[in-house]
Amino acid sequence: MDCKEALEKLYLYLDHEILSESERQQIEGHLQWCWRCQQVYQLENNLQNLIRLNGRNDEVPPSFFSKIKNVIAQF
Ligand SMILES: [Zn+2]
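Residues numbered from 1 in each chain as written. Predicted model: local features only at pLDDT ≥ 70, side-chain atom pairs only at ≥ 80, totals over all residues. Heavy atoms only, no water.

**Student:** Go over the coordination of the zinc ion, please, and point to the residues and values.
**Tutor:** Protein ligation of the zinc ion involves Cys-3 (SG), His-30 (NE2), Cys-34 (SG) and Cys-37 (SG), the donor distances falling in the range 2.0 to 2.4 Å. Between the four donor atoms coordinating the zinc ion, the angles at the centre fall across 101 to 114°, so the site counts as tetrahedral. One chain supplies every donor for the zinc ion, spaced along it as C-x26-H-x3-C-x2-C. (Donors = N, O, S within 2.8 Å, 3.2 Å for Na, K, Ca; no water. Tetrahedral: all angles 85-135°; square planar, octahedral: opposite > 155°, others 65-115°.)

**Student:** So, the packing of helix 3 (residues 35-54) against helix 4 (residues 62-73): which residues are in play, and what are the values?
**Tutor:** Relative placement of two packed helices is described by the angle separating their axes and the distance separating the axes. One way to put it is that helix 3 packs onto helix 4 with a least axis distance of 10 Å and a crossing angle of 160°. Taken together, the axis directions place helix 3 and helix 4 in an arrangement best described as roughly antiparallel. The chirality of how helix 3 crosses helix 4 is left-handed. Counting all contacts with helix 3, which are made through Arg-36, Gln-39, Val-40, Leu-43, Glu-44, Asn-46, Leu-47 and Leu-50, the residues of helix 4 involved are Phe-64, Phe-65, Lys-67, Ile-68, Val-71 and Ile-72. (Axes fitted to C-alpha atoms, helices over the stretch in contact; angles between N-to-C directions. Helix = DSSP H or I, 4+ residues; strand = E, 2+ residues; numbered from the N terminus. Parallel < 35°, antiparallel > 145°, perpendicular 65-115°, else oblique. Left-handed = near helix turned anticlockwise from the far one by under 90°. Contact = heavy atoms within 4.5 Å.)

If you want it as structure tokens, here you go:
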């Protein structure tokens, strides 16, 4: 699995979309060695927690979005 594929699936993974067990394992395996995807995963995970806590996403600091964009732009 390359980063592009991992990132596409990562969003499904974070959204708890239906992924097969093998897809989940591929993503987790990729995250173990790929620090860039790990960064995206952690940022997205934090972001989703913030949104869940606030119940809306207009209170998410804009810096969050720019951080994520910066990380993704490195690919
Ligand atoms: Zn990666």
